[in-house]
Amino acid sequence: MGKKSLRHLSLGPFVRCTFEPMSFFSSDWDDDEEEDVFQGDVDALVRDFESKQRKTFSAREWLELYRYYASQFPAKTGQYRADTYIKVILETAIQQFPYMPIFSLHMAEWLIRDQKLAKARNFVSQALQYTPFEPALGFMQALIFSLQGHKKKAMEELQTVLTNMGDEEAMLEDFLEISLYHGQFDLAMPVLEKALDTGAEVSVILEKYIEKAEEGGLIDALLPMIQRIIDQDPYSAEAWYVMGSGHMAQGDHEQALKALDFAVTINENFADAWVTFLECTYELGHYQDFINTYKELATRFPKRTFAEVEGLLAWSYYEQGDVKTCRSIYKEILKQQPQDAECWYSMGLTWHYEENYSAAIPFLERAYDLDHFESDYGMVLASAYFGAHMQEKWEALYESLTIEHATNPEVWLDYSTSLYEIGESDKALDVIETGLLNNPQHSGLLYRLAALCYLSGQASAAIFVLEKALEINANEHIQLFTFAPELKKATAILNCIAKYTQPRTGS
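Residues numbered from 1 in each chain as written. Predicted model: local features only at pLDDT ≥ 70, side-chain atom pairs only at ≥ 80, totals over all residues. Heavy atoms only, no water.

1. Let's talk about unusual backbone geometry
Even without being glycine, Arg 304 reaches a positive phi, approximately 75°. With respect to the secondary-structure elements, Arg 304 resides in the loop between helix 16 (287-298) and helix 17 (310-319). Arg 304 gets classed as partly exposed once you look at its relative accessible area, which sits at 37%. (Helix = DSSP H or I, 4+ residues; strand = E, 2+ residues; numbered from the N terminus. Buried < 20%, exposed > 50% of the residue type's maximum accessible area, 1.4 Å probe, protein only.)

2. Describing the packing of aromatic side chains
By the definition in use, this model includes 26 aromatic pairs. Seen in terms of ring centroids, Phe 57 and Trp 62 are 4.9 Å apart; in terms of plane orientation they differ by 65°. Their pairing is edge-to-face. As far as burial versus exposure is concerned, Phe 57 and Trp 62 are alike and both buried. Note on Tyr 318 and Tyr 353: the rings are 6.3 Å apart at their centroids and 45° apart in plane angle, and the pair reads as tilted. Of the two residues, Tyr 318 sits in helix 17 while Tyr 353 sits in the loop between helix 19 (341-352) and helix 20 (357-370), which places them 35 residues apart along the sequence. With a relative accessible area of 17%, Tyr 318 lands in the buried category. Judged by its relative accessible area of 49%, Tyr 353 falls in the partly exposed class. Each member of the aromatic cluster is reached from another via a ring pair, and the members are Phe 49, Phe 57, Trp 62, Tyr 68, Tyr 69 and Tyr 85. A cation over a ring is seen here: Arg 327 above Trp 351, with NZ or CZ 3.3 Å from the ring centre. (Phe/Tyr/Trp six-rings, centres within 6.5 Å; stacked < 30°, edge-to-face > 60°. Lys NZ or Arg CZ within 6 Å of the ring centre and 35° of its normal.)

3. A short note on the environment of Lys 151
Note on placement: Lys 151 falls in helix 7 (residues 151-164). Along the chain, Lys 151 and Asp 186 lie 35 residues apart, while their C-alpha atoms are 8.4 Å from each other. In terms of polar contacts, Lys 151 uses its side chain to reach the side chain of Ser 146, at 3.0 Å. (Polar contact = N/O pair within 3.5 Å; in protein donor to acceptor, adjacent residues only side chain to side chain.)

4. Description of the nonpolar core
Within the largest apolar cluster, 175 residues are counted, with the highest numbers of intra-cluster contacts made by Phe 103, Leu 180 and Leu 480. With sequence-adjacent residues up to four places away left out, Leu 480 is seen in contact with Tyr 447, Ala 450, Ala 451, Leu 466, Leu 487, Ile 493 and Ile 497. (Core = buried A, V, L, I, M, F, W, Y, C linked by side-chain atoms within 4.5 Å. Contact = heavy atoms within 4.5 Å.)

See below:
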């Protein structure tokens, strides 16, 4: 069945805009029909609009002006921002062509972006007076209801739209994508059901939103939708791949591997699924399996197909004790990708773990130069400087790290440890206190402060701080003894810990 686009809403197709949030109706973004391509001079059109030489434009010209400025957002155009022009264009086009819902839909899109939901709903309501049976307007109204928290109204409106709209695959795919983009999973499920009944392609849409769902902690809401696709077609390799990706994002590598195994069993040439399969195998610590699978796949797929997991292959060899092969692979990767900071870092780690700091430092320095926003790169480099007795360098680097990564407790802990190791107990104490100003509820920093206080003869202060740490997370008290094993013999410390860790008996 061929896709039916939303071209009846406008005089021609849309383009995907470069701003966030997404432009609506992805099925209309591609100029795939030659007769729909605008034949006029867009630059001349823009000049006429900005110079106010023309008062009116055709509907198609308003649409082209909208497309032009939407592609410019959020940059400034002359003395005005692109979004200022966009709103003027849409308001004028709506006044001139109120029976063309496409302009109202775009206006609602921009107002939703600005969190002006009531105003967006007004534009949609006005447009519905002219085209009351337009599915896109009905769906937009349902979306706004949902965003406003009127879930019952939203579902009622959506059900009406889905019942009346027919089997329009492209439009259903648009509705699904918009629902997912805005995190309205309750709207997305009935749209998904309808889309599956029409044979629409939906796995790719769900795959796009796995990362967004992961960032918002919404993977659990996305997985049932992926499962619904599998229920509909259990032999869809794409659906199993998306399911595996979802479980990977969730951190459930066991379930991810099972799903990915189905994907590559159904389609043994599914390269993307194999890449994720390898990543999952690595995350589970199955290093020899990773190596074996990689070798077998390398004989069946074109060279460089699995380039993105070559670093994992190298480290798998390291984990298996084959350091020579590990370093050889890293050297080859760096020849191909000299800007790969993670590879420089990993190569440095192979020397760092052997305490060969002079060999590790050049690789670690290169990694940090390429990406100093990655705190681990800086901390391990500082540790290597410490191991190489380069005090001036590690102190300067830690000072820099505490500025760049002030909210990372590990930076303050590592810095204080290094200072304590060279006998600078007072300065180590100052560092932890400063770290707590940036991370006031971090139990690890409080445990370290308690240890340093006790070791410097401030027993009462140590107990006071220790109690605060135990109240936050009593299970982490082992950090005290990892830093200062001698505290295992401190009766006052042990008695304090016992009050928070030993089960209380009833009276």
